[in-house]
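Residue-level structure breakdown
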Amino acid sequence: MAVLKVKFTKTKRDKLAQILWILNWVSVVSGIILFSLGLFLKIEIKKRNEVMAKGDINSVPNMLISVGVIACIINFLGGKICYDCSDANKFSQWKLVMLPYIVCTFCFTFCILVGALMCYTMRNELEESLYLGLRDAIKFYKDTDIPGRCFLKKTVDMLQIGFQCCGNNGFRDWFEIQWVSARYLNMASKEVLDRLKSNVDGKFLVDGVPFSCCNPSSPRPCIQYQLTNNSAHYNYDFLTEELNIWVKGCREALLDYYTAIMRSIGIAALLIWLFELSVLIGVRYLQTAMKNVLLLGDLEGESDGWLLENSFVETAKYNINIIKNLGKANQISTVSGMNDPNIDVQNTNCGKTNVPTKSIPAAS
């Protein structure tokens, strides 16, 4: 029994073909939107490439870009097919193409759904990439005179100012590394030498942060050194007073920023997927209705259209059997008792047996 069978008159078939022609052109625009969203996300990720570890974080934008390009091609072809389907004579040209086209389009719409879901599952990979990338960027913050790292100080400072953040997990990350270059340390100072000797690795560690961590909205001048020393500043209590530096870590700030972008892209991709699926359903109805009207032979009469010619269970069993039987047509059965039929067949004696040989006349 056909699934969701609908009866179509010639007028309804013509209107459906016209509507689908328009919707396929709208789908071309949706493909351009998917391409643009993927390109936008790829550019946004590349902007902060210096503070991200190399990983598979570009899989989502690449997926969206690819799906967007394919959407434009498939829907352009779909628009041409639907336009010709308004004429039964032109439909005969596409009759053998439409079913493979529908199958390919169904697989394509599934890729859109996968791309939308990937936008929501990318958070863990992005968080790990940001954690490792920011850790290395902060570690090499002081290396302004080393090629390949000299740009990291500016990158980190601009990042902390722009996203109102400090450190990787928080401002305390700066306490654990030497972020002041040795070229700017006075090695003749007893305080500097004591700090270098007090550390096992010989690093100059201070309870201070770079200037880019300062919050300009703070009512008092920025305190970026000796943050945990109450006696070093007048009317200052480290435990109770609100710090005048950014408290949020840059990993959290960037993760929130990219999560908001990917959530919006995911919603847009889901809406496009639903739209593409509805267009595909319409194309399937048009294909079956036009196919049945050709079988009936009355181009002006009514015809049935459906999503599946048989029930879901029967269709699944039929397709499974096709997959199982692939390649078996040319194979020789090796089941016990099924031997080659030409083996052990007795030969038929076509001539007479025991025929006496004619004696040769003796020479006289």
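Residues numbered from 1 in each chain as written. Predicted model: local features only at pLDDT ≥ 70, side-chain atom pairs only at ≥ 80, totals over all residues. Heavy atoms only, no water.

The protein carries the name RDS2 protein in an unreviewed UniProt entry, which gives Ibidorhyncha struthersii as its organism. The heading Sequence similarities (unreviewed entry) in the UniProt record of the protein holds the text "Belongs to the PRPH2/ROM1 family." Per UniProt, the protein carries the Subcellular location (unreviewed entry) text "Membrane". (UniProt positions renumbered as here; feature names shortened; annotations may be inferred.)

1. Some details on the pattern of salt bridges
Side-chain pairs of opposite charge can arise where the charged atoms are in close proximity. All chains considered together, the criterion is met by 11 salt bridges. For Arg135, the salt bridge identified is with Asp136, shortest N-O distance 3.6 Å. Asp136 gets classed as partly exposed once you look at its relative accessible area, which sits at 31%. Of the charged contacts in the structure, one is a salt bridge between Asp145 and Arg183, with a shortest N-O distance of 3.8 Å. Highlighted residues: Asp145 in the loop between helix 4 (123-139) and helix 5 (152-163) and Arg183 in the loop between helix 5 and helix 6 (190-198), separated in sequence by 38 residues. For Asp145, a relative accessible area of 47% translates into the label partly exposed. (Salt bridge = Lys/Arg side-chain N within 4 Å of Asp/Glu carboxyl O. Buried < 20%, exposed > 50% of the residue type's maximum accessible area, 1.4 Å probe, protein only. Helix = DSSP H or I, 4+ residues; strand = E, 2+ residues; numbered from the N terminus.)

2. Digging into empty space enclosed by the protein
Empty space left among the atoms is revealed by rolling a probe the size of a water molecule over them. This structure, assessed with the given rule, holds two cavities of 30 Å³ or more. Of the pockets and cavities examined, the largest cavity occupies roughly 40 Å³. Forming the walls of the largest cavity are Asn24, Asn75, Tyr101, Thr105, Glu276, Val279, Leu280 and Val283. Here the second largest cavity is characterised by a volume of approximately 30 Å³. (1 Å grid on protein atoms, 1.4 Å probe; cavity = no way out; pocket = protein on both sides within 12 Å on 5 of 7 lines; lining within 4 Å. Points joined across faces, edges and corners; volume = space filled by probe spheres on them.)

3. A word on the packing of helix 4 against helix 7 (residues 250-296)
Contact geometry for helix 4 and helix 7: axes closest at 10 Å, N-to-C directions at 150°. Two packed elements cross with a definite hand, and for helix 4 against helix 7 that hand is right-handed. Here Arg123, Leu126, Glu127, Leu130, Tyr131 and Leu134 of helix 4 lie close against helix 7, whose contacting residues are Cys250, Arg251, Leu254, Leu255, Asp256, Tyr258, Thr259 and Met262. The class makeup of the residues in the contact of helix 4 with helix 7 is nine nonpolar, one polar and four charged. (Axes fitted to C-alpha atoms, helices over the stretch in contact; angles between N-to-C directions. Left-handed = near helix turned anticlockwise from the far one by under 90°. Contact = heavy atoms within 4.5 Å. Nonpolar A, V, L, I, M, F, W, Y, C, P; charged D, E, K, R; others polar.)

4. Let's talk about the environment of Arg123
Secondary-structure assignment places Arg123 in helix 4. With near-sequence residues (within four places) excluded, Arg123 lies in contact with Leu255, Asp256 and Thr259.

5. Some points on the layout of surface pockets
Of the voids in this model, the second largest pocket is the one considered here, and its volume is about 160 Å³. For the second largest pocket, the full set of lining residues is Tyr131, Arg135, Ile138, Lys139, Asn168, Asn169, Asp173, Glu176 and Ile177. Classifying every residue of the lining of the second largest pocket gives three nonpolar, two polar and four charged. Taken domain by domain, the makeup of the lining of the second largest pocket includes at least three residues from each of domain 1 (3-139 + 252-313) and domain 2 (171-247). (Domains from an automatic or database assignment.)

6. Thoughts on the nonpolar core
In terms of nonpolar packing, the biggest core is built from 80 residues, with Phe171, Trp174, Val209, Leu227, Leu254, Val283 and Leu286 touching the most fellow members. Among the secondary structure elements, those contributing two or more residues to this core are helix 1 (10-47), helix 2 (59-84), helix 3 (88-121), helix 4, helix 5, helix 6 and helix 7. Per element, the largest residue contribution to this core is 18 residues, and it comes from helix 7. For this core, the two domains that each supply at least three residues are domain 1 (3-139 + 252-313) and domain 2 (171-247). Once residues within four sequence positions are removed from consideration, Leu227 is found in contact with Phe171, Phe175, Asp207, Val209, Tyr236, Phe238 and Ile245. (Core = buried A, V, L, I, M, F, W, Y, C linked by side-chain atoms within 4.5 Å.)

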